[in-house]
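# Architecture and fold: a report
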Amino acid sequence: MERDGFLELRGVASRYGATQVLTDIDLSIAKGEFVALLGSSGCGKTTLLRLLAGFISPSAGEVKVRHRDVTYLPPDKRGMALVFQSYALWPHMTVAQNIGYGLKLKGISRTEIAARVAAMQSLLGLDGLEARKPQALSGGQRQRVALGRALAIDPEILLLDEPLSNLDARIRLTVRHELRALQKRLGITAIHVTHDREEAMVMADRIVILNAGRIAQQGTPEDVYNRPASAFVAAFMGAENVLFLNGAPQGDQFAIAAGPANAACSLPLLGRPLAAGSVEARFRPEAARLFPADDIAAIGPGITFRGEVAAVSYPGGHWRHVIKLGDHEIMADADRAFEPGARVAVFVPAEALFLFSSPEAASASPTSRAPSGKVHA
Amino acid sequence: MPIIPPNGRTMPKRFLGLLLVLPALAVIAFLFILPLIMSAVGAFQVEGTFGWGNFTKTFDLYTKDIIFTVMIVSLSTVLIGIASIAIGGYLTLGEHPVAVAILRWLYRWPMFIPFIVVGQILRTFLSKNGMMNNTFINLGLLTPLDAVSFLDWRGIVIAFVWKQTPFVALLVAGAMASINRDTIEAARNLGASRLRLLLEIVVPQVAMTLTVGLILSFVTMMSVLSVPLMINAQSPTMLTADIAFRVNSYGDYGVANALGLISLVLAASVAWIYLRASLKERA
């Protein structure tokens, strides 16, 4: 895939009044790529999409399609079609009129519009619904009409603004795959805004994670999941367990000092730019392995914490434990249930433990301060 | 044993409810429905006996005025519709924030001015030597010889449009403001021009509100006496002026009632169009 040249954003910024919504967005998207813009609400992802669509102009930077500057072009001159979160179907028009409106605006003959609308309907499984008004459609059907309306004008780039968020959970799962299959079949470039991590993982070739108007990380789903570039990305991608440890790099290893819940150990550095001092350690509940406290857990490189089970629940598939490590609580999954009150060892393999230097965290967290005092004493 | 209805309430409680609405019902019945029925009956009474006499006389004398009234009110309604769509459309789609703010502040004013004052203002403005013609003459656009008075049907239409547009525009602009903005942006995304956005996307979505506003305006204009009296005190004139004339000059309540009933039928026919449209929409 040609990485640069198709859709490019260079130093794009946007402000709303005095609020800086987007800062310094550099993004290059290849033709036929499916990119998910992922972030929590208010991170600027919808603003970025609306900026691409041409509804708002950036305060700085430029947007290019095939090396052509489209930054200040009107929405319809960019070869992009937007699918709205609310679908934004026109309630006074039938399904066929909704899908065919873009073609009508282009001055295409009635017979051709009818033919293309019919083709779009059968592509999307909307046959026989052409005379219905949007109010008489189910949520999934409305969503497909909105998609058909956008695809009917044959856009080069499809912009999707949380198009699945108004669907039932069950329908959403199938629509994800349908939408992705359709995008592949048509070879269309798609930019999909979502706050749903799993949706982004399942659908996208590349995930762009936005935080406070900046790109926090971009990469393949495996990349952002397994190699988060910052504590924010790690937390956003599900590594919600957080502990503060102390350590220092030693060659290609990172030596972690003993703390209230862990013994001293050493982890491969894996090229991470970690400085000596306090580190923020994050891991996913499913990455942890639980053992009875007296079992010595030494399975490959990793770190072992010792603590006590505070609560246990069954969300399905595995048992989820809340474990008290000193005055911190973490969550860890296991195939069998440990009784509350049981002493356990929590083993986190090195590759699943995300470490980030956190100079400011040292003073904020009491658990990381206590061991540092011990180490230096 | 008292009979207890299925909902568990005893009968006296029901009567108490009825008693509570009785004053309101009585007011409506005696001050509104009864006079209306008496007027309607009066239209068919000629010197104590029932007959079509009043209507024959009405159509002999006032057919021209009936047509005049219908034409003026219909034309005004159309113009009010166009003007309020234009105002509402600019408030919704206008991109110049200052112009939108000025229009928003300005357009409502005529709503607070009574019809009689509107008539008076326009009388001095539209007459042969009025402010409008004077301005044109001073600007060199018109010679004093070519100046004509607008104090005829045109004056009435101007007065009605001037007075009623803000009311309809208020309703229409409110409805336009509450439609889903995404539906407008979706059309913009596909390349719809500003005019197409207004006529094909925005107006159809507020059609019902627009219709209600125009029907209320139609009925209001049918009942205005002061404007035709102030601006067009000649023949043909509007039905309201005729009714006042029959009552005040001749004490002829029979013909006045017949004229009133005709006005009522005209107003009701418009309301009927609305009812049909709203039923169709719900179906």
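Residues numbered from 1 in each chain as written. Chains lettered and ligands numbered in written order. Predicted model: local features only at pLDDT ≥ 70, side-chain atom pairs only at ≥ 80, totals over all residues.

Here the focus is the overall build of chain B. Across its full length, chain B holds twelve helices and two strands. Listed by position from the N terminus, the elements making up chain B come as α-β-β-α-α-α-α-α-α-α-α-α-α-α. Relative to the compact-globule value of 19 Å for 283 residues, chain B shows a C-alpha radius of gyration of 25 Å, a clear excess of over 25%. For chain B, the spread of C-alpha atoms along the principal axes amounts to about 85 × 60 × 30 Å. Looking at the 283 residues of chain B, the share that counts as buried comes to 33%. Restricting to contacts in chain B with at least 6 residues of sequence separation, those with at least 24 account for 73%. (Helix = DSSP H or I, 4+ residues; strand = E, 2+ residues; numbered from the N terminus. Rg over C-alpha atoms; globule rule 2.2 N^0.38 Å. Buried ≥ 20, exposed ≤ 12 C-beta atoms within 10 Å, placed from the backbone. Contact = placed C-beta atoms within 7 Å.)

Of the residues lining the interface, 16 residues belong to chain A; the matching set on chain B comes to 13 residues. Of all the secondary-structure elements, those providing two or more residues to the side of chain A that touches chain B are strand 6 (80–83) and helix 2 (95–105) of chain A. Considering every element that reaches the side of chain A that touches chain B, the biggest residue donor is helix 2 of chain A, with three residues. Taken together, the residues of the side of chain A that touches chain B sort by class into twelve nonpolar, three polar and one charged. (Nonpolar A, V, L, I, M, F, W, Y, C, P; charged D, E, K, R; others polar.)

Strand pairing within a sheet occurs via backbone hydrogen bonds; the two strands may be parallel or antiparallel. Residues and elements named next belong to chain A. Taken together, the five strands give an open sheet; going across it, the order is 15-19-16-17-18, and neighbouring strands pair in antiparallel fashion. With one partner strand each, in any of the chains shown, strand 15 (289–292) and strand 18 (328–334) form the two edges of the open sheet. The sheet shows a mean angle of 45° between the axes of neighbouring strands, taken without regard to direction. Across four bridges, strand 15 lies against strand 19 (residues 343–349) in antiparallel orientation. Counted as the bridge partner of Leu290 is Val346 from strand 19. (Pairing = 2+ DSSP bridges. Axes fitted to C-alpha atoms, helices over the stretch in contact; angles between N-to-C directions.)

Below, the discussion takes up helix 4 (residues 139–152) of chain A. An α-helix turns once every 3.6 residues. As a result, residues three or four positions apart point the same way. All names here are of chain A. With 14 residues, helix 4 should reach 20 Å at 1.5 Å per residue; the first-to-last C-alpha distance of 20 Å fits that figure. Most of helix 4 sits inside the fold, with eleven of its 14 residues counted as buried. Buried within helix 4 are the following residues: Arg142, Gln143, Arg144, Val145, Ala146, Leu147, Gly148, Arg149, Ala150, Leu151 and Ala152. Of the surrounding secondary structure, the elements contacted by the buried residues of helix 4 are strand 6, helix 2, helix 3 (110–124), strand 7 (157–161) and helix 5 (169–186). Within two residues after helix 4, Asp154 carries a phi angle of roughly 60°, on the positive side. (Expected span 1.5 Å × (residues − 1).)

Our focus in this paragraph is the domain arrangement of chain A. Accessible area lost upon the coming together of the parts serves often as the stated size of an interface. We note that the domain assignment places domain 1 (7–229) and domain 2 (239–376) within chain A. Its C-alpha centre places domain 1 of chain A at a distance of 40 Å from the equivalent point of domain 2 of chain A. (Domains from an automatic or database assignment.)

Here we take up the nonpolar core. Ranked by size, the top nonpolar core spans 162 residues in total, and within it A:Leu37, A:Leu159, A:Ile191 and B:Val172 carry the most contacts. Broken down by element, the residue count for this core peaks at 13 residues, all from helix 6 (residues 153–178) of chain B. Excluding residues that lie within four positions of it along the chain, A:Leu159 makes contacts with A:Leu49, A:Leu52, A:Ala53, A:Met80, A:Ala81, A:Leu82, A:Val83 and A:Ile191. (Core = buried A, V, L, I, M, F, W, Y, C linked by C-beta atoms within 7 Å.)

A separate point is the domain arrangement of chain B. Residues and elements named next belong to chain B. Taken domain by domain, chain B consists of domain 1 (1–43) and domain 2 (59–282). If you average the C-alpha positions of domain 1 and of domain 2, the two centres end up 38 Å apart. Facing the four residues of domain 1 at the interface are six residues of domain 2. Tallied by class, residues from the side of domain 1 that touches domain 2 come to two nonpolar, two polar and no charged.

Turning our attention to the pairing of strand 3 (residues 34–38) of chain A. Residues and elements named next belong to chain A. Most of strand 3 sits inside the fold, with five of its five residues counted as buried. What you see with strand 3 is no split at all: Phe34, Ala36 and Leu38 on one side and Val35 and Leu37 on the other are buried throughout. Two elements, strand 3 and strand 8 (residues 189–194), share five bridges in a ladder whose sense is parallel. Looking across to strand 8, one finds that Ala36 is bridged to His192.

Residue and element names in this part refer to chain B. One can find Met176 in helix 6. When the C-alpha atoms of Met176 and Val203 are compared, they prove to be 7.9 Å apart, with 27 residues separating the residues in sequence. Residues contacting Met176, with those up to four places away along its chain left out, are Gly88, Thr92, Val202 and Val206.

Here we take up unusual backbone geometry. Residue and element names in this part refer to chain A. Its identity is not glycine, yet Tyr87 carries a phi of approximately 70°, on the positive side. Examined against the element boundaries, Tyr87 turns out to sit in the loop between strand 6 and helix 2. Positive phi, normally seen in glycine, also occurs at Ala212, with a value near 50°. Looking at the secondary structure, you find Ala212 in the loop between strand 9 (206–211) and strand 10 (214–219).

Moving on, we get to the packing of helix 2 of chain A against helix 3 of chain A. Residues and elements named next belong to chain A. Between helix 2 and helix 3, whose axes approach to 9 Å, the crossing angle comes to 130°. By the angle between their axes, helix 2 is oblique relative to helix 3. Helix 2 and helix 3 meet at a crossing whose hand is right-handed. Contacts between helix 2 and helix 3 involve Ala96, Ile99, Gly100, Leu103 and Lys104 from the first element and Ile113, Arg116, Val117 and Met120 from the second. Of the residues assigned to the contact of helix 2 with helix 3, the class counts are six nonpolar, one polar and two charged. (Parallel < 35°, antiparallel > 145°, perpendicular 65-115°, else oblique. Left-handed = near helix turned anticlockwise from the far one by under 90°.)

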